[in-house]
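A look at the structure
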Amino acid sequence: MPLPAHLKTCQSEICNTLVASKDVDCMTDLSNAGVYSGKPLGFPPCTPQACMEILDHYGIDPCLIEIEITETTFVSSLDRMLSLVDVLHRTGFQVAMDDFGSGYSTFNMLKNIPVDVLKVDRLFFQDFVSDPRTRLILDVIFSLAGHLDLITVAEGVEQKEEADYLKEKGCSYIQGFYYFRPMPEAQFQSLMDAQSVD
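Reading guide: rules and limits
Residues numbered from 1 in each chain as written. Predicted model: local features only at pLDDT ≥ 70, side-chain atom pairs only at ≥ 80, totals over all residues. Heavy atoms only, no water. Phe/Tyr/Trp six-rings, centres within 6.5 Å; stacked < 30°, edge-to-face > 60°. Buried < 20%, exposed > 50% of the residue type's maximum accessible area, 1.4 Å probe, protein only. Lys NZ or Arg CZ within 6 Å of the ring centre and 35° of its normal. Core = buried A, V, L, I, M, F, W, Y, C linked by side-chain atoms within 4.5 Å. Contact = heavy atoms within 4.5 Å. Axes fitted to C-alpha atoms, helices over the stretch in contact; angles between N-to-C directions. Helix = DSSP H or I, 4+ residues; strand = E, 2+ residues; numbered from the N terminus. Parallel < 35°, antiparallel > 145°, perpendicular 65-115°, else oblique. Left-handed = near helix turned anticlockwise from the far one by under 90°. Nonpolar A, V, L, I, M, F, W, Y, C, P; charged D, E, K, R; others polar. Salt bridge = Lys/Arg side-chain N within 4 Å of Asp/Glu carboxyl O. Lys, Arg positive; Asp, Glu negative; His and termini not counted. Polar contact = N/O pair within 3.5 Å; in protein donor to acceptor, adjacent residues only side chain to side chain. Pairing = 2+ DSSP bridges. Right-handed = clockwise from strand over helix to strand, strands pointing away.

1. Looking at the packing of aromatic side chains
Following the criterion strictly, the structure yields three aromatic pairs and no others. Aromatic side chains Phe125 and Phe128 sit 6.0 Å apart centroid to centroid with 40° between the ring planes, which places their arrangement in the tilted category. Note on Phe125: relative accessible area 5%, which makes it buried. Exposure remark for Phe128: the relative accessible area of 1% places this residue in the buried category. Measuring from ring centre to ring centre gives 4.9 Å for Tyr178 and Tyr179, while their planes differ by 80°; the resulting arrangement is edge-to-face. An aromatic cluster is built from Phe125, Phe128 and Tyr165, whose rings are joined through pairwise contacts. If you follow Arg181 out to its NZ or CZ, it ends over the ring of Phe177, 3.9 Å from the centre.

Here is the structure:
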């Protein structure tokens, strides 16, 4: 079944970026794209096969594409998600659990769902400085992720203290306004070119 038109356009833009710069991995969030039922937003479900049609057209290796699925989506349809993750892995995609900690996640979920990337929800950093319990929970999350060989991404980081803590804990990637706000592609490319020179 083909991708909806607006998602096909989005995927095509991602592939154009990859063709222009082969060393940049891309992430795409299909949690709200009918990926598991097709009914919530009223269009056909997105499938790994449909995504592969676009990648094949551009000659892109699927290992460069990380498929994000929110924790809430995993919880609401676990059996379907387990099957989908298996297909995505066999197709060659990387899979990330997005917004981990935003809903009703449990550590047992990480045992049952073989994702590659864990994206820690920004809610953890709203009271990071004032609530010591938040740090204790994050300690456990990053320790467990390390033992499970998961790539970790912290979302919504806005303060130096948060960034310093995450570096100390070995967080793989840090996202947030502390570093940069969203920017046009041309500005991003200029930034990357400047850093490569340095």
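So, next bit.
2. Some points on the nonpolar core
Judged by nonpolar contacts, the single largest core of 41 residues is most densely connected at Phe74, Phe93, Met97, Leu118, Phe125, Leu138 and Leu166. Ignoring any residue separated from it by four or fewer positions in sequence, one finds Leu138 in contact with Val120, Phe124, Phe125, Phe128 and Tyr165.

3. What to know about the packing of helix α2 (residues 48-58) against helix α4 (residues 78-91)
When two helices pack together, their arrangement is given by the angle between the helix axes and the distance between those axes. Interaxial distance between α2 and α4 falls to 10 Å at its minimum, and their mutual angle equals 25°. What the angle tells us is that α2 and α4 run roughly parallel. In the crossing of α2 with α4, the sense of the turn from one axis to the other is right-handed. The residues of α4 that touch α2, namely those facing Pro48, Gln49 and Met52, are Leu84, Val87, Leu88 and Thr91. Looking at the contact of α2 with α4, its residues break down into five nonpolar, two polar and no charged.

4. Quick look at the packing of helix α6 (residues 132-147) against helix α7 (residues 160-168)
Contact pair α6 / α7: the axes reach a minimum separation of 11 Å and the direction vectors enclose 35°. As for the relative orientation of α6 and α7, their crossing is right-handed in sense. Between α6, through Arg135, Leu138, Asp139 and Phe142, and α7, the contact on the second element is made entirely by Glu161, Tyr165 and Leu166. Across the contact of α6 with α7, the residue classes tally to four nonpolar, no polar and three charged.

5. What about the pattern of salt bridges?
Two side chains that carry opposite charge are able to pair once their charged atoms sit near each other. Using the criterion set out here, one finds seven salt bridges in the structure. Residue Lys119 is joined to Glu155 by a salt bridge in which the shortest nitrogen-to-oxygen separation is 3.6 Å. Of this pair, Lys119 sits in strand β4 (residues 117-120) while Glu155 sits in the loop between β5 (151-154) and α7, placing them 36 residues apart in sequence. On the basis of relative accessible area, Lys119 is assigned to the buried category, the value being 3%.

6. Focus on unusual backbone geometry
With the exception of glycine, most residues fall at negative phi, and the peptide bonds are largely trans. You will see that Asp99, though not glycine, has its phi angle at about 60°, which is positive. Among the structural elements, Asp99 can be located in strand β3 (residues 94-100). Even without being glycine, Asp149 reaches a positive phi, approximately 60°.

7. So, the side chain of Glu71
Residue position: Glu71 is located in helix α3 (residues 71-76). Look at Glu71: it is buried, it has no salt bridge, and the nearest opposite charge is Arg122 at 13 Å. Polar side-chain contacts of Glu71 include one of 2.5 Å to the backbone nitrogen of Gly101.

8. A short note on the pairing of β5
The pairing of β4 with β5 spans four bridges and is parallel. By the bridge assignment, Leu118 is partnered in β5 with Thr152. Handedness of the crossover joining β4 and β5 through α6 is recorded here as right-handed. Note that β5 and strand β6 (residues 173-174) share two bridges and pair parallel. If you follow Ala154 over to β6, its bridge partner there is Ile174. Following the chain from β5 across α7 to the adjacent parallel β6, one finds a crossover that is right-handed.

No statement about biological role is implied by the geometric values presented.
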